[in-house]
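So the chains spell out like this:
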Amino acid sequence: MTAPAVAPWYLPVGDEVQVFEAAYRARLPVLLKGPTGCGKTRFIEHMAWRLARVPLITVACHEDLTATDLVGRYLLSADSTVWMDGPLTRAVRSGAICYLDEVVEARKDTTVVIHPLTDHRRVLPIEKTGESIEAHPDFLLVVSYNPGYQSSLKDLKPSTRQRFVSLEFGYPSVEVEATIVAHESGVGSAFALQLATIGQKVRALHEQGLDGGVSTRLLVYTGQLVAGGIAPRRACDIAITRAISDDSEVQQAVADIVDVLLP
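Residues numbered from 1 in each chain as written. Predicted model: local features only at pLDDT ≥ 70, side-chain atom pairs only at ≥ 80, totals over all residues. Heavy atoms only, no water.

## With respect to the nonpolar core
The criterion, for reference: As used in this record, nonpolar core signifies buried Ala, Val, Leu, Ile, Met, Phe, Trp, Tyr and Cys residues forming a set joined through side-chain atoms within 4.5 Å. Relative accessibility under 20% of the residue-type maximum defines a buried residue, over 50% an exposed one, and the middle range a partly exposed one, all with a 1.4 Å probe and only protein chains included. Counting from the N terminus, the helices are the DSSP runs of H or I reaching at least four residues and the strands are the DSSP runs of E reaching at least two. Contacts between residues were defined by any pair of non-hydrogen atoms, one from each residue, lying within 4.5 Å.
Counting residues in each nonpolar core, the largest one holds 30 residues, and the members touching the most others are Leu88, Val92, Leu100, Leu124, Phe139 and Leu141. Looking at this core, the elements that each hand over two or more residues are β2 (56-60), α3 (67-71), α4 (87-94), β5 (97-101), α5 (109-114), β6 (123-126) and β8 (140-145). Ignoring anything within four residues of it in the chain, the contact list for Leu100 reads Val59, Cys61, Leu70, Ile114, Leu141, Val142, Val143 and Ser144. Counting residues in each nonpolar core, the second largest holds 27 residues, with Phe191, Val214, Leu219 and Ile244 among its members.

Below, the structure written as C-alpha coordinates:
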(Lines give C-alpha, C1' and ligand atoms only; values in the text may rest on other atoms or scores of the structure.)
Protein backbone atom coordinates (compact mmCIF):
# COMPACT_ATOMS: atom_id res chain seq x y z
CA MET A 1 0.00 0.00 0.00
CA THR A 2 2.93 2.37 0.61
CA ALA A 3 3.88 4.21 -2.55
CA PRO A 4 7.34 3.42 -3.95
CA ALA A 5 10.00 6.11 -3.69
CA VAL A 6 10.54 6.11 -7.45
CA ALA A 7 7.78 6.24 -10.06
CA PRO A 8 7.05 2.85 -11.65
CA TRP A 9 8.27 3.22 -15.23
CA TYR A 10 5.52 3.49 -17.82
CA LEU A 11 5.69 4.63 -21.45
CA PRO A 12 2.44 6.30 -22.58
CA VAL A 13 1.15 5.26 -25.99
CA GLY A 14 -1.67 7.82 -26.25
CA ASP A 15 -3.57 10.22 -24.03
CA GLU A 16 -4.27 7.64 -21.29
CA VAL A 17 -2.31 9.57 -18.65
CA GLN A 18 -4.24 12.80 -19.24
CA VAL A 19 -7.58 10.95 -19.37
CA PHE A 20 -6.92 9.13 -16.11
CA GLU A 21 -5.83 12.36 -14.39
CA ALA A 22 -9.09 14.02 -15.47
CA ALA A 23 -11.10 11.02 -14.27
CA TYR A 24 -9.32 11.09 -10.93
CA ARG A 25 -9.96 14.80 -10.45
CA ALA A 26 -13.67 14.15 -11.03
CA ARG A 27 -13.52 10.90 -8.99
CA LEU A 28 -14.99 8.92 -11.87
CA PRO A 29 -14.57 5.15 -11.58
CA VAL A 30 -12.31 3.79 -14.32
CA LEU A 31 -12.42 0.55 -16.31
CA LEU A 32 -9.18 -0.61 -17.96
CA LYS A 33 -9.77 -3.01 -20.85
CA GLY A 34 -7.07 -4.89 -22.71
CA PRO A 35 -5.25 -8.16 -23.28
CA THR A 36 -3.17 -9.88 -20.66
CA GLY A 37 0.30 -8.48 -20.15
CA CYS A 38 -0.19 -5.27 -22.15
CA GLY A 39 0.62 -2.95 -19.24
CA LYS A 40 -2.67 -2.24 -17.43
CA THR A 41 -1.31 -2.98 -13.97
CA ARG A 42 1.90 -1.05 -14.59
CA PHE A 43 -0.19 1.89 -15.80
CA ILE A 44 -2.28 2.06 -12.62
CA GLU A 45 0.86 1.71 -10.48
CA HIS A 46 2.41 4.60 -12.39
CA MET A 47 -0.73 6.73 -12.09
CA ALA A 48 -1.06 6.14 -8.35
CA TRP A 49 2.49 7.41 -7.91
CA ARG A 50 1.97 10.28 -10.33
CA LEU A 51 -1.14 11.48 -8.46
CA ALA A 52 0.91 12.65 -5.49
CA ARG A 53 1.60 9.04 -4.49
CA VAL A 54 -1.97 8.09 -3.75
CA PRO A 55 -1.91 4.71 -1.95
CA LEU A 56 -2.84 1.80 -4.21
CA ILE A 57 -4.60 -1.34 -2.98
CA THR A 58 -4.62 -4.10 -5.62
CA VAL A 59 -6.88 -7.14 -5.49
CA ALA A 60 -6.26 -9.98 -7.95
CA CYS A 61 -9.79 -11.26 -8.54
CA HIS A 62 -10.50 -14.98 -8.92
CA GLU A 63 -13.50 -17.27 -9.07
CA ASP A 64 -13.63 -17.79 -5.30
CA LEU A 65 -13.40 -14.09 -4.40
CA THR A 66 -16.58 -13.01 -2.61
CA ALA A 67 -18.02 -9.72 -1.46
CA THR A 68 -17.00 -10.70 2.07
CA ASP A 69 -13.38 -11.02 0.95
CA LEU A 70 -13.53 -7.44 -0.33
CA VAL A 71 -15.54 -5.82 2.44
CA GLY A 72 -14.39 -7.68 5.55
CA ARG A 73 -15.54 -10.23 8.10
CA TYR A 74 -15.77 -10.97 11.80
CA LEU A 75 -12.83 -12.98 13.12
CA LEU A 76 -12.43 -14.86 16.38
CA SER A 77 -10.16 -13.16 18.91
CA ALA A 78 -9.77 -14.86 22.29
CA ASP A 79 -13.36 -15.26 23.53
CA SER A 80 -14.90 -12.62 21.30
CA THR A 81 -15.17 -11.63 17.67
CA VAL A 82 -13.65 -8.56 16.03
CA TRP A 83 -14.43 -6.94 12.73
CA MET A 84 -11.61 -6.95 10.15
CA ASP A 85 -11.87 -4.61 7.17
CA GLY A 86 -11.27 -6.11 3.76
CA PRO A 87 -9.14 -4.37 1.09
CA LEU A 88 -12.05 -2.46 -0.44
CA THR A 89 -13.18 -1.10 2.93
CA ARG A 90 -9.63 -0.06 3.80
CA ALA A 91 -9.39 1.85 0.53
CA VAL A 92 -12.79 3.52 1.05
CA ARG A 93 -11.88 4.62 4.58
CA SER A 94 -8.31 5.77 3.87
CA GLY A 95 -8.68 7.37 0.44
CA ALA A 96 -6.67 4.89 -1.62
CA ILE A 97 -7.13 3.78 -5.19
CA CYS A 98 -8.68 0.29 -5.10
CA TYR A 99 -7.71 -1.71 -8.20
CA LEU A 100 -9.75 -4.86 -8.85
CA ASP A 101 -7.67 -6.73 -11.42
CA GLU A 102 -9.69 -8.99 -13.77
CA VAL A 103 -12.90 -8.13 -11.93
CA VAL A 104 -15.10 -10.48 -13.96
CA GLU A 105 -13.28 -13.45 -12.44
CA ALA A 106 -14.81 -12.61 -9.04
CA ARG A 107 -18.16 -13.96 -7.93
CA LYS A 108 -21.23 -12.04 -8.96
CA ASP A 109 -22.02 -10.74 -5.49
CA THR A 110 -18.96 -8.49 -5.67
CA THR A 111 -20.58 -6.29 -8.32
CA VAL A 112 -23.51 -5.66 -6.00
CA VAL A 113 -21.06 -4.31 -3.43
CA ILE A 114 -19.23 -1.95 -5.77
CA HIS A 115 -22.29 -0.41 -7.42
CA PRO A 116 -23.01 2.18 -4.67
CA LEU A 117 -19.37 3.28 -4.91
CA THR A 118 -19.62 4.00 -8.62
CA ASP A 119 -22.33 6.64 -8.70
CA HIS A 120 -23.11 9.90 -6.93
CA ARG A 121 -23.58 8.14 -3.60
CA ARG A 122 -19.96 6.92 -3.20
CA VAL A 123 -20.87 4.83 -0.21
CA LEU A 124 -20.02 1.30 0.91
CA PRO A 125 -22.84 -0.41 2.79
CA ILE A 126 -21.64 -3.13 5.17
CA GLU A 127 -24.59 -5.31 6.05
CA LYS A 128 -22.84 -7.25 8.81
CA THR A 129 -21.93 -4.15 10.83
CA GLY A 130 -24.85 -1.98 9.81
CA GLU A 131 -22.48 0.72 8.57
CA SER A 132 -22.75 2.78 5.43
CA ILE A 133 -19.31 4.26 4.88
CA GLU A 134 -19.00 7.44 2.90
CA ALA A 135 -15.96 7.18 0.68
CA HIS A 136 -12.93 9.29 1.54
CA PRO A 137 -12.60 12.23 -0.91
CA ASP A 138 -9.46 10.69 -2.41
CA PHE A 139 -10.96 7.22 -2.93
CA LEU A 140 -11.17 5.92 -6.50
CA LEU A 141 -12.32 2.55 -7.81
CA VAL A 142 -10.49 1.11 -10.82
CA VAL A 143 -11.25 -2.28 -12.36
CA SER A 144 -9.75 -4.18 -15.27
CA TYR A 145 -10.65 -7.07 -17.47
CA ASN A 146 -9.66 -8.71 -20.71
CA PRO A 147 -12.72 -8.89 -22.97
CA GLY A 148 -10.91 -11.11 -25.48
CA TYR A 149 -9.96 -13.70 -22.91
CA GLN A 150 -12.97 -14.20 -20.70
CA SER A 151 -15.97 -16.08 -22.05
CA SER A 152 -19.30 -14.36 -22.57
CA LEU A 153 -20.41 -15.97 -19.31
CA LYS A 154 -17.84 -13.81 -17.52
CA ASP A 155 -18.45 -10.59 -19.38
CA LEU A 156 -19.35 -7.43 -17.51
CA LYS A 157 -23.06 -6.73 -17.40
CA PRO A 158 -24.09 -3.45 -19.10
CA SER A 159 -25.49 -2.22 -15.78
CA THR A 160 -21.99 -2.53 -14.32
CA ARG A 161 -19.98 -1.48 -17.37
CA GLN A 162 -21.86 1.80 -17.70
CA ARG A 163 -20.83 2.86 -14.23
CA PHE A 164 -17.23 3.35 -15.41
CA VAL A 165 -15.37 5.48 -17.87
CA SER A 166 -13.37 3.12 -20.04
CA LEU A 167 -9.76 3.20 -21.18
CA GLU A 168 -8.91 0.60 -23.80
CA PHE A 169 -5.39 -0.79 -24.00
CA GLY A 170 -3.75 -2.85 -26.71
CA TYR A 171 -0.28 -3.97 -27.61
CA PRO A 172 1.89 -1.02 -28.67
CA SER A 173 3.57 -0.56 -32.02
CA VAL A 174 6.74 -2.53 -32.68
CA GLU A 175 8.92 0.52 -32.11
CA VAL A 176 7.25 1.44 -28.81
CA GLU A 177 7.22 -2.17 -27.60
CA ALA A 178 10.94 -2.47 -28.45
CA THR A 179 11.61 0.58 -26.29
CA ILE A 180 9.66 -0.99 -23.42
CA VAL A 181 11.44 -4.35 -23.76
CA ALA A 182 14.87 -2.71 -23.89
CA HIS A 183 14.16 -0.59 -20.82
CA GLU A 184 12.57 -3.34 -18.74
CA SER A 185 14.93 -6.19 -19.61
CA GLY A 186 18.29 -4.52 -20.18
CA VAL A 187 18.92 -5.94 -23.67
CA GLY A 188 20.14 -3.74 -26.51
CA SER A 189 17.76 -1.87 -28.76
CA ALA A 190 18.47 -4.05 -31.81
CA PHE A 191 17.58 -7.29 -30.03
CA ALA A 192 14.59 -5.64 -28.36
CA LEU A 193 13.34 -4.72 -31.83
CA GLN A 194 13.71 -8.35 -32.91
CA LEU A 195 11.68 -9.48 -29.91
CA ALA A 196 8.98 -6.92 -30.57
CA THR A 197 8.80 -8.07 -34.20
CA ILE A 198 8.46 -11.68 -33.03
CA GLY A 199 5.65 -10.55 -30.75
CA GLN A 200 3.81 -8.82 -33.57
CA LYS A 201 4.06 -11.85 -35.87
CA VAL A 202 3.07 -14.32 -33.17
CA ARG A 203 -0.06 -12.28 -32.42
CA ALA A 204 -1.03 -12.66 -36.07
CA LEU A 205 -1.35 -16.41 -35.45
CA HIS A 206 -4.69 -16.07 -33.70
CA GLU A 207 -6.45 -17.40 -36.80
CA GLN A 208 -4.44 -20.60 -36.44
CA GLY A 209 -5.79 -21.37 -33.00
CA LEU A 210 -3.61 -19.19 -30.78
CA ASP A 211 -5.59 -17.42 -28.08
CA GLY A 212 -4.27 -14.07 -26.99
CA GLY A 213 -0.81 -14.10 -28.53
CA VAL A 214 2.34 -13.22 -26.68
CA SER A 215 2.25 -10.45 -24.10
CA THR A 216 4.69 -7.60 -23.72
CA ARG A 217 5.40 -9.12 -20.31
CA LEU A 218 6.64 -12.35 -21.89
CA LEU A 219 8.83 -10.41 -24.32
CA VAL A 220 10.36 -8.64 -21.32
CA TYR A 221 10.91 -12.01 -19.62
CA THR A 222 12.67 -13.22 -22.78
CA GLY A 223 14.92 -10.20 -22.74
CA GLN A 224 15.70 -10.71 -19.07
CA LEU A 225 16.73 -14.31 -19.73
CA VAL A 226 19.03 -13.16 -22.51
CA ALA A 227 20.46 -10.41 -20.30
CA GLY A 228 21.07 -13.15 -17.74
CA GLY A 229 23.17 -15.19 -20.16
CA ILE A 230 20.64 -17.50 -21.85
CA ALA A 231 21.06 -17.85 -25.63
CA PRO A 232 18.41 -15.85 -27.53
CA ARG A 233 16.74 -18.78 -29.28
CA ARG A 234 16.63 -20.81 -26.09
CA ALA A 235 15.16 -17.84 -24.23
CA CYS A 236 12.47 -17.49 -26.90
CA ASP A 237 11.67 -21.19 -26.62
CA ILE A 238 11.26 -20.97 -22.83
CA ALA A 239 9.50 -17.63 -22.47
CA ILE A 240 7.48 -17.49 -25.70
CA THR A 241 7.03 -20.76 -27.60
CA ARG A 242 6.43 -23.06 -24.62
CA ALA A 243 4.72 -20.42 -22.51
CA ILE A 244 1.87 -19.36 -24.75
CA SER A 245 0.48 -22.72 -25.88
CA ASP A 246 0.53 -26.47 -25.26
CA ASP A 247 -0.61 -27.16 -28.82
CA SER A 248 2.30 -28.68 -30.75
CA GLU A 249 1.19 -27.14 -34.06
CA VAL A 250 0.99 -23.68 -32.56
CA GLN A 251 4.37 -24.16 -30.88
CA GLN A 252 5.90 -25.16 -34.21
CA ALA A 253 4.40 -22.12 -35.93
CA VAL A 254 5.88 -19.84 -33.24
CA ALA A 255 9.25 -21.63 -33.46
CA ASP A 256 9.26 -21.07 -37.21
CA ILE A 257 8.80 -17.32 -36.65
CA VAL A 258 11.68 -17.29 -34.18
CA ASP A 259 13.86 -19.25 -36.62
CA VAL A 260 13.27 -16.67 -39.33
CA LEU A 261 13.88 -13.63 -37.16
CA LEU A 262 16.75 -15.08 -35.11
CA PRO A 263 18.67 -17.13 -37.69
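## Some remarks on the packing of helix α8 (residues 189-203) against helix α10 (residues 232-244)
For clarity, the threshold we go by: A fitted line through C-alpha atoms serves as each axis, taken over the contacting stretch for helices, and the angle formed by two N-to-C directions is quoted from 0 to 180°. Reported orientations rely on four angle classes, namely roughly parallel under 35 degrees, roughly antiparallel over 145, roughly perpendicular from 65 to 115, and oblique for the rest. Left-handed describes a crossing whose near helix is turned anticlockwise from the far helix through less than a right angle; right-handed describes the clockwise counterpart.
Two elements in contact, α8 and α10, have axes separated by 13 Å at closest approach and are oriented at 25 degrees. In terms of orientation, α8 and α10 fall into the roughly parallel class. When you trace α8 past α10, the crossing you get is right-handed. In this structure, α8 contributes Phe191, Leu195, Ile198 and Val202 to the contact, and α10 contributes Pro232, Cys236, Ile240 and Ile244.

## Digging into the pairing of β5
Which entries qualify depends on this criterion: Note: two strands are recorded as paired if DSSP finds a minimum of 2 bridges between them.
With respect to burial, β5 is a largely interior element, five of its five residues being buried. Burial of β5 is two-sided: the residues Ile97, Tyr99 and Asp101 facing one way and the residues Cys98 and Leu100 facing the other way are all buried. Taken together, the four bridges between β5 and β8 define a ladder with parallel strand orientation. The residue of β8 that forms the bridge with Tyr99 is Val142.

## Description of the pattern of salt bridges
Stated formally: A carboxyl oxygen of Asp or Glu within 4 Å of a side-chain nitrogen of Lys or Arg is what we treat as a salt bridge.
Throughout the structure, instances matching the rule amount to 14 salt bridges. A salt bridge links Arg93 to Asp85, with the nearest nitrogen and oxygen atoms 2.7 Å apart. A residue is classified by how much of its surface remains accessible, and Arg93, at 34% relative accessible area, is partly exposed. With a relative accessible area of 18%, Asp85 lands in the buried category. As a salt-bridge pair, Arg233 and Asp259 come within 2.2 Å of each other at their nearest N and O atoms. Of this pair, Arg233 sits in helix α10 while Asp259 is found in helix α11 (residues 248-261), placing the two residues 26 residues apart along the sequence. Exposure remark for Asp259: the relative accessible area of 32% places this residue in the partly exposed category.

## Side note on α10
In plain terms, the rule: Multiplying 1.5 Å by the helix residue count minus one yields the expected span of that helix. What is called the bend at a residue is the angle between a pair of axes, fitted to the seven residues leading up to and ending at it and to the seven starting from it.
With 13 residues, α10 should reach 18 Å at 1.5 Å per residue; the first-to-last C-alpha distance of 17 Å fits that figure. Helix geometry: α10 is bent most strongly at Ile238, by close to 30 degrees.

## A closer look at the environment of Thr222
In this structure, Thr222 sits in helix α9 (residues 216-227). Residues Thr222 and Ala192, 30 residues apart in the sequence, show an inter-C-alpha distance of 9.6 Å. Discounting residues that sit within four places of it in the chain, Thr222 has contacts with Leu195, Ala235, Cys236, Ala239 and Ile240.

## Focus on the packing of aromatic side chains
Stated formally: For Phe, Tyr and Trp, rings pair up if their centres lie within 6.5 Å, where Trp contributes its six-membered ring, and each pair is then called stacked (planes under 30 degrees apart), edge-to-face (over 60) or tilted (otherwise). Two limits define a charge over a ring: the Lys NZ or Arg CZ must be within 6 Å of the ring centre, and within 35 degrees of the ring normal.
On inspection of all chains with the given rule, the structure shows four aromatic pairs. Taking 5.7 Å as the distance between ring centres and 90 degrees as the angle between the ring planes, the aromatic pair formed by Phe20 and Phe43 counts as edge-to-face. Of this pair, Phe20 sits in helix α1 (residues 16-25) while Phe43 sits in helix α2 (residues 40-50), and the two are 23 residues apart along the sequence. Assessed through its relative accessible area of 0%, Phe20 is described here as buried. An aromatic cluster is built from Tyr10, Phe20, Phe43 and Phe169, whose rings are joined through pairwise contacts. We note Arg27 situated over the ring of Tyr24; from NZ or CZ to the ring centre the distance is 4.0 Å. Above the ring of Tyr171, the side-chain terminus of Arg203 is found at 3.8 Å from the ring centroid.

Distances and angles like these do not, on their own, reveal function.
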